[in-house]
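# Remarks on the overall topology
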Amino acid sequence: MTALLRSAALRGREVQLAFGDGRPDMTLSLFWLRDHDPDTDAQHPQTQQRLIDTWQIPEDIAAQWVAVTDAGSALQVCWAPDSRVSRYPAAFLAGLRADPDTMPAARVLWDGERIAAQVPEVDYAALMGQDAVLLAFLEQVDRYGFCMVEGVPATPEATRAVAERVAYIRMTIFGGYYDFTANLEHKDTAYTSMAIGPHTDGTYSLDAPGYQLFHCLAADCSGGENVLIDGFRIGQIMRREQPEDYALLSTVEIPGQYLDHARGIHLMARRPLFRHDRAGELRQVSYNNHDRAPFVLAPDEQRRFYRALASFARLCADVSLHYRRRLLPGSVLLFDNWRLLHAREAYVGYRRLAGAYLNREDVDSRLRVLRMRVAT
Ligand SMILES: [Fe+2]
């Protein structure tokens, strides 16, 4: 429901707005209002891009009057001295109010038992055919950090189609869409692959892949179970039980690197294991102990850093936080690589894995647009 305006009062160079939904008033300066004027002289009607030259707006711009019109659905500002009137939709103004409660409420942190009891999933045919199901799929990824697609044909084409239904596939040093058939050419069924511990991908990337998609196209093997861990749940536990360790891992920037001399590649990036936004909300977990680049801290801090990292690693190893699943043909997994850690147990035999990375901004864009379409 769109919030309607209840009142607007001009107080010097500011406008105080009250909304009908009872949430706190909002105050906007006349300078800000002119800078965001939706009139065609100030904003392009199609692209919504700003046309007005902000630095040509008089610092002391004034208004003759302001009024709520259209039964609360608009604010009008009559500028001085030219008496020109600008009209601001109430929906636009209401949307400016930050709502810090919305996002965390939508997010459900989980441990292994909780998520295994209710695994988020959607049906392949419905996902491909209905935008409402695509929205439900992405909402679940947003809420739980992952969602399965069931009933997917075990082909590279169908797997790729699922990825592209969400967003375009990201190109990296590994290529784009991949279809990994490790031992096919060797025809060696005794192929052995080592366990891979809990990690996030791309700690060496300035923009680590936002999402990953996996489809196990063939699993003629023993072992090879996948493990997913909610990194935000680990953050919640650490924040409560080891606040000093949590604070350290939220501030020390850990460098990650990818080094391939033969191909002439040396990627590097650094960020704290727990990265927060300005509001203090946890936004990203980055951890790959194999890819941690050498870096030195003062001796005391170094000691505390290793202790904090060990606390984190211990929580990663806690099986009660693990959601274990043997990925089989027909089930596609899409997960948030900024939130979940993933691991894979050792296996013996033949396994064919297809997958892709998706950029965070593209998936976020898709979700934002789908939410808007459903809301209107
Ligand atoms: Fe990985």
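So, a few notes on the structure that sits alongside this text.

Criteria and cut-off values
Residues numbered from 1 in each chain as written. Predicted model: local features only at pLDDT ≥ 70, side-chain atom pairs only at ≥ 80, totals over all residues. Heavy atoms only, no water. 1 Å grid on protein atoms, 1.4 Å probe; cavity = no way out; pocket = protein on both sides within 12 Å on 5 of 7 lines; lining within 4 Å. Points joined across faces, edges and corners; volume = space filled by probe spheres on them. Nonpolar A, V, L, I, M, F, W, Y, C, P; charged D, E, K, R; others polar. Salt bridge = Lys/Arg side-chain N within 4 Å of Asp/Glu carboxyl O. Helix = DSSP H or I, 4+ residues; strand = E, 2+ residues; numbered from the N terminus. Buried < 20%, exposed > 50% of the residue type's maximum accessible area, 1.4 Å probe, protein only. Pairing = 2+ DSSP bridges. Axes fitted to C-alpha atoms, helices over the stretch in contact; angles between N-to-C directions. Donors = N, O, S within 2.8 Å, 3.2 Å for Na, K, Ca; no water. Core = buried A, V, L, I, M, F, W, Y, C linked by side-chain atoms within 4.5 Å. Contact = heavy atoms within 4.5 Å.

### Here's the deal with empty space enclosed by the protein
One way to see where empty space is left: roll a probe the size of a water molecule over the atoms. Inspection of every chain in the model, using the stated rule, returns four cavities of 30 Å³ or more. In this structure, the largest cavity spans a volume of roughly 120 Å³. Taken together, Thr203, Ile254, Pro255, Gly256, Arg271, Leu273, Ser286, Tyr287, Asn288, Asn289, Arg292 and Leu309 make up the full set of residues lining the largest cavity. Among the residues making up the lining of the largest cavity, the classes are represented as five nonpolar, five polar and two charged. Space inside the second largest cavity adds up to approximately 40 Å³. In terms of lining, the second largest cavity is formed by Leu138, Val141, Asp142, Tyr211, Asp336, Val363 and Leu367.

### Quick word on the pattern of salt bridges
Inspection of every chain in the model, using the stated rule, returns 27 salt bridges. Salt-bridge contacts for Asp142 lead to Arg371; the nearest nitrogen and oxygen are separated by 3.1 Å. Placement of the pair is Asp142 in helix 6 (residues 131-144) and Arg371 in helix 11 (residues 360-375), with a sequence separation of 229 residues. Given a relative accessible area of 34%, Arg371 falls into the partly exposed group.

### Quick look at the sheet that holds strand 11 (residues 196-199)
Spatially, four strands are ordered 11-20-13-18 in an open sheet, and the strand pairing comes out antiparallel. Every interior strand has two partners, whereas the edge strands, strand 11 and strand 18 (322-325), have only one. On average, adjacent strands in this sheet sit at an angle of 15 degrees to one another, irrespective of strand direction. Here two bridges tie strand 11 to strand 20 (residues 340-344), and the two strands are oriented antiparallel to one another. Paired with Ile196 across the strands is Arg344, a residue of strand 20.

### Observations concerning the coordination of the iron ion
Taken together, the protein donors to the iron ion comprise His199 (NE2), Asp201 (OD) and His342 (NE2), at separations of 2.2 Å. Since its relative accessible area comes to 10%, His199 is described here as buried. Classification of His342 by relative accessible area gives buried; the value is 6%.

### Focus on the pairing of strand 19 (residues 331-336)
Most of strand 19 is tucked away, with six of its six residues classed as buried. Burial along strand 19 is two-sided: the face carrying Ser331, Leu333 and Phe335 and the face carrying Val332, Leu334 and Asp336 are both buried. Examined bridge by bridge, strand 8 (residues 146-150) and strand 19 share five bridges and lie antiparallel to one another. Looking at the pairing, Met148 lines up with Leu333 of strand 19. In terms of strand pairing, strand 12 (residues 211-223) meets strand 19 through five bridges, oriented antiparallel. Following the sheet pairing, Gln212 is matched in strand 19 by Phe335.

### Brief notes about the nonpolar core
Judged by nonpolar contacts, the single largest core of 31 residues is most densely connected at Phe137, Leu138, Val149 and Leu358. When residues of this core are traced back to their parent elements, those giving at least two are helix 5 (124-129), helix 6, strand 8, helix 7 (156-166), strand 12, strand 19, strand 21 (347-358) and helix 11. Setting aside residues up to four positions removed in sequence, Leu138 forms contacts with Val166, Leu334, Val363, Arg366, Leu367 and Leu370. Grouped together as the second largest cluster of nonpolar side chains are 27 residues, Ile229, Tyr246, Val285 and Cys316 included.

### Observations concerning helix 8 (residues 231-241)
Within the span of helix 8, buried status applies to Gly231, Phe232, Arg233, Ile234, Gly235, Ile237 and Met238. Contacts made by the buried residues of helix 8 are with strand 13 (226-230), helix 9 (243-249), strand 16 (274-276), strand 17 (282-285), helix 10 (299-317) and strand 20.

### Focus: the sheet that holds strand 4 (residues 62-69)
Strand order across the open sheet formed by three strands is 4-5-6, with antiparallel pairing between neighbours. Both edges of this open sheet fall to strand 4 and strand 6 (85-89), since each of them pairs with a single strand only. The sheet shows a mean angle of 20 degrees between the axes of neighbouring strands, taken without regard to direction. One ladder, built from five bridges, connects strand 5 (residues 74-80) with strand 6; its direction is antiparallel. Paired with Cys78 across the two strands is Val85, which belongs to strand 6.

Treat this as a map of the structure, not an account of what it does.
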